[in-house]
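Below are the chains, spelled out letter by letter.
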Amino acid sequence: MLGSQAGNSRRDRGLKSRSPISWRQRSLRPEARVIRSPADPVELRSLSVGDVFYLSGVIATSRDRAYARILLEGRPPPFDLEGKAVLHAGPAVRREGESWRITSMGPTTSARLDELHARFIEATKAALLVGKGGVSPEAGRALASLGAIYAEMPGGLGALGASSVRRVIGVEWLDLGVTEAVWLLEVERLGPLVVSVDSTGRNLREENEARLREAGLEASRLMASRLGAKFKR
Amino acid sequence: MPPGERGSWERSRLREVALELVAATSTSLPDDVKARLAGLASRADSPLARLVYESLLANAELAETSRSPICQDTGTPQFFARIGEQFPWKSLLLASLAEAVEEAQGLGLLRPNSVRWRSGEPRSSAEPWIHVEIVEGSSSAEVVLYLAGGGASHGGRARVFEPLRWREGLAELVVRAAVEVAPRACPPAVVGVGLGPTAESAALLSKRALLRSPLGSRSWDPDAAELEEVIEEALEGLPIGPSGFGGGPWLLAVAVETRPVHPSAVAAAVSLGCWAHRRGILVVTEDLRAALPYHGGREV
């Protein structure tokens, strides 16, 4: 199905028509690198954990149900994803005649699919995954062994994400609903994105999670002892 | 009165103001939430935490000016209606909420999120949750709407403790929700805690705590306020940070709501809320004048 991000003059209740926003207006780090999708493998290897970048070019969305269709039901991906970036996302959309407008698109939690990321890369030959919340150490190592990169977009950046969509190229698997369908999009400076697993397998989340577990035990003890002192039995 | 069925003007008016509640809640943060986020942003230490806070604030501003959803995950809309006993349009008001959700989905102001539990297949109709209370001696109605994504819902939990064990139990329950879920639930987060006689009463109280306004204010009840302080002190130092990256504050607010418990059962529950704390309130009078007090008090 064909789509478009171009507006039209239909009755516009509840959603005022928008003037286009240039990347300069929404770019928080104009000096940061821009990675193209489909991606240059040499460029991806030069990214390190913690690097901030933006993404431009053709990307696809995929989340729980699309992963399941491709990997558990064995169906071929609905678009050629080779070398491209895949965003873990289910956008909010609006139908405008025969075309679609993405009204909000930020990332969804990547860890729900930790067991499947590496197989997804093998099946689709995608080069870069983008989501939120990080992936497990095992999932990160498996991605790195395939030469793939995983980056994070801060959760909840729906308006910024939608403003980077220049065109809806197409959408497939709409029987899964607009959230779980696979959207093929042309984006300009989607981000900011942070490298979370780089090609060496380093994982932004790994060190912090060990620290957090220990801090949690301490916080739990502290809270219990204060509650015991203040709210006596 | 125009021709047509009785109440047809009232019906369309209520739909209009309910849609305005949904649109405002999905696309703009309440004034108190914006202020609280800006306060936390100024305390971010690491460059990454600063970038996240800048992004959140820029995103909220862009959503408001472009009237697009702050976050694409608009959750399962949850309405909390307090309806005056003398408010003449009770059932029309409740019907208008579900209709407004459906219309907002068509406009791209909400994402359709209702799927079959068995198959995950999308359902065609919108199915918001609506809680109703009747208020004595009032002729107006107040409807609070809360939108939060699936990630935040994963923080929800309830346990029932024996009276001698609730202190340790509550500490473990709250800290585990923070450590295990908050990093992926789009922090900075709001932590709501409820104490009551049964699991479902505590869970509802924890959601009411989450919706406390203004954000960050203390309970009127000195015991609950003391509990809020203990929980906040223990949680705020956890190295979670914005987006779970560490390097800055992660806690937007802690609020506690309590009710008397049972002599042999203390139920405690936690609700987590994400940084995009989309809480709106619509106040409607009996002659259907309406306003949105959390969004600058604007009349609709």
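Residues numbered from 1 in each chain as written. Chains lettered and ligands numbered in written order. Predicted model: local features only at pLDDT ≥ 70, side-chain atom pairs only at ≥ 80, totals over all residues. Heavy atoms only, no water.

Novice: Run through the interface of chain B and chain A, naming residues and quoting values.
Specialist: At the interface, 61 residues of chain B touch 62 residues of chain A. Of the roughly 5,200 Å² buried at the junction of chain B and chain A (both faces included), carbon and sulfur atoms supply 63%. It is B:Gln72, B:Arg167 and B:Arg184 in chain B that bury the most area against chain A; as a group they hold 14% of the surface buried on that side. Our enumeration of links across chain B and chain A arrives at 2 salt bridges. Close ionic contact of A:Arg226 with B:Glu233 constitutes a salt bridge, the shortest N to O distance being 2.4 Å. Taken together, the connections running from chain B to chain A amount to 23 residue pairs in polar contact (both at pLDDT 80 or more). (Contact = heavy atoms within 4.5 Å. Buried area = accessible area lost by both parts, 1.4 Å probe. Salt bridge = Lys/Arg side-chain N within 4 Å of Asp/Glu carboxyl O. Polar contact = N/O pair within 3.5 Å; in protein donor to acceptor, adjacent residues only side chain to side chain.)

Novice: Pulling in residues and values, what's your account of the packing of helix α6 (residues 166-181) of chain B against helix α8 (residues 222-235) of chain B?
Specialist: Residues and elements named next belong to chain B. Where α6 meets α8, the axes come as close as 11 Å, and the angle between the chain directions of the two elements is 45 degrees. As far as their axial angle goes, α8 and α6 are oblique. As for the relative orientation of α6 and α8, their crossing is right-handed in sense. Of the residues in α8, those touching α6 at Leu-170, Val-174, Val-175 and Ala-178 are Leu-227, Ile-231 and Leu-235. Looking at the contact of α6 with α8, its residues break down into 7 nonpolar, no polar and no charged. (Axes fitted to C-alpha atoms, helices over the stretch in contact; angles between N-to-C directions. Helix = DSSP H or I, 4+ residues; strand = E, 2+ residues; numbered from the N terminus. Parallel < 35°, antiparallel > 145°, perpendicular 65-115°, else oblique. Left-handed = near helix turned anticlockwise from the far one by under 90°. Nonpolar A, V, L, I, M, F, W, Y, C, P; charged D, E, K, R; others polar.)

Novice: Hey, could you go over the pairing of strand β3 (residues 141-147) of chain B for me, with residue numbers and the actual values?
Specialist: All names here are of chain B. Counting buried residues along β3, 6 of its 7 residues qualify, which places the element largely inside the surrounding structure. With 6 bridges connecting them, strand β1 (residues 78-84) and β3 associate as antiparallel partners. Each residue of the ladder has a partner; that of Gln-78, found in β3, is Tyr-146. Two elements, β3 and strand β8 (residues 278-284), share 7 bridges in a ladder whose sense is antiparallel. Among the inter-strand pairings, Val-144 is bridged to a residue of β8, identified as Ile-281. (Buried < 20%, exposed > 50% of the residue type's maximum accessible area, 1.4 Å probe, protein only. Pairing = 2+ DSSP bridges.)

By themselves, these are just geometric observations and shouldn't be taken as functional.
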